[in-house]
Amino acid sequence: MKVGLIDVDGHNYPNLALMKLSAWHKAKGDTVEWWWSDLFQFDLVYMAKVFSDAYTKDAPEPMNAERVIKGGTGYAITLENGVEVYHAERDLPLAPEIEHIYPDYSLYPELTKETAFGFLTRGCPRGCAFCHVAGKEGRASKKVANLSEFWSGQRNVTIMDPNILACKDREDLLAQLVASAAYVDFNQGLDIRLIDNDVTALLGKMRVKCLHFAWDNPAEDLEPFFAKFSERYARKDRRTKVVYVLTNFGSTQEEDLHRIYTLRRLGFDPYVMIYNKQEAPRETRLLQRWCNNRVIFNTVPDFRNYDEKLG
Ligand code: SF4
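Draft legend 1. The sheet that holds strand 4 (residues 65-71), seen in detail. An order of 2-1-3-4 is seen for the 4 strands of this open sheet, with the pairing classed as parallel. The open sheet has two free edges, formed respectively by strand 2 (31-34) and strand 4, since each of these has just one partner strand. The average undirected angle you get between the axes of adjacent strands in this sheet is 20 degrees. Note: strand 1 (residues 2-7) against strand 2, 4 bridges, orientation parallel. Paired with Lys2 across the strands is Thr31, a residue of strand 2.

Printed below as a string of structure tokens:
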């Protein structure tokens, strides 16, 4: 069988579902390649889309395929009154024998040359209003794999789990990451509220270039948690601790600035994320430009003095 793949979001980030589908088809003896034109006939083409239409427009279906299968969270989200709504019935989970296969990293040779990607857990108990994880994966964080399922000695490993620290097996999983001696990136952020002394100690032993956290809801006072972590985490290099700050989801600019200034004072690097950016107020987009440009952020510490001509 000849199988074609379309990464609708582009090729800037590896699509794990496509890598697993490719590995599964190749194991069956099928030919797998990127779909790139209508010239050649395919038996089956997969179109995968992670992001909603607000970020990635859908691509036209290929005309030269016997069958087209579209899947991914991006096809299950609609934008209703400026808010993304997830429709579980439109999502298409992978079959277990595909979900747990070692991914075909050769699809993205540049992005995965020295980096493994995968999930050790799925789900999150928090159910934040702007997030689709609870609807898609459930309101509990559960172990779904050991590291060896998608890592085989690469120098770096990117863990895409929504909330690994909410999983009861977290210490086992963190210990696996420590033992790998790979550089670990938790790219969805660690839940600062769930970090205790044992987790801090394991993170202290782990090779990391950057730890990611989030402070999304200004109504939650996370300052004590960040302060405690800052005190206890052995590595004092502030560049290794980035905190996503969600804006344009019901927060005022005063609340946005409070989170940004508090995090900076505690030795973290705030990084502004904008919900529904197309419809965000100009002030919020300026705030993002000021905060996320490290040179400007460090040389103009007060947002009131930011001049957009700077960049
Ligand atoms: S804590 Fe993170 S993963 Fe969990 S619901 Fe909130 S945003 Fe989603």
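Draft legend 2. View of the site of the ligand. Around the ligand, the structure places Cys124, Arg126, Gly127, Cys128, Phe130, Cys131 and Pro162. Class assignment for the residues of the shell around the ligand results in 5 nonpolar, 1 polar and 1 charged.

Draft legend 3. Up close: helix 7 (residues 253-265). With 13 residues, helix 7 should reach 18 Å at 1.5 Å per residue; the first-to-last C-alpha distance of 18 Å fits that figure. Those residues of helix 7 that are buried are in contact with helix 6 (223-232), strand 14 (241-247), strand 15 (269-274), helix 8 (282-292) and helix 9 (294-299). At the exit of helix 7 stands Gly267, carrying a positive phi of roughly 95 degrees.

Draft legend 4. A look at the nonpolar core. Counting 54 residues, the largest nonpolar core has Val157, Leu177, Phe186, Leu203, Phe213 and Phe226 as its most contacted members. The greatest single-element share of this core, amounting to 4 residues, is contributed by helix 1 (residues 16-27). Apart from residues lying up to four places away in sequence, Leu177 is in contact with Leu120, Leu147, Val157, Ile159, Val184, Phe186 and Met206. One finds Leu257, Cys291, Ile296 and Phe303 within the second-largest nonpolar core, a separate group that totals 14 residues.

Draft legend 5. Here's a closer look at the sheet that holds strand 11 (residues 183-186). Strand order in this open sheet of 4 strands is 7-10-11-12, and the pairing throughout is parallel. Here the strands that pair on one side only, and so sit at the sheet edges, are strand 7 (115-118) and strand 12 (207-208). Relative to strand 12, strand 11 is paired through 2 bridges, and the arrangement is parallel. Directly across from Val184, in strand 12, lies its bridge partner Val208.

Draft legend 6. Representation of a nonpolar patch on the surface in the model. Taken together, Trp36, Leu39 and Phe40 make up a surface patch of nonpolar side chains, about 400 Å² in accessible area. Looking at the secondary structure, you find Leu39 in the loop between strand 2 and strand 3 (42-48). For Leu39, a relative accessible area of 66% gives the class exposed.

Reading the values: rules and limits
- Residues numbered from 1 in each chain as written.
- Predicted model: local features only at pLDDT ≥ 70, side-chain atom pairs only at ≥ 80, totals over all residues.
- Heavy atoms only, no water.
- Pairing = 2+ DSSP bridges.
- Helix = DSSP H or I, 4+ residues; strand = E, 2+ residues; numbered from the N terminus.
- Axes fitted to C-alpha atoms, helices over the stretch in contact; angles between N-to-C directions.
- Near = heavy atom within 4 Å.
- Nonpolar A, V, L, I, M, F, W, Y, C, P; charged D, E, K, R; others polar.
- Expected span 1.5 Å × (residues − 1).
- Contact = heavy atoms within 4.5 Å.
- Core = buried A, V, L, I, M, F, W, Y, C linked by side-chain atoms within 4.5 Å.
- Buried < 20%, exposed > 50% of the residue type's maximum accessible area, 1.4 Å probe, protein only.
- Patch = residues over 30% accessible without salt bridge, like charges linked within 9 Å, V, L, I, M, F, W, Y side chains within 5 Å.
- Areas by Shrake-Rupley, 256 points an atom, 1.4 Å probe, with all protein chains shown as cover.
- Salt bridge = Lys/Arg side-chain N within 4 Å of Asp/Glu carboxyl O.

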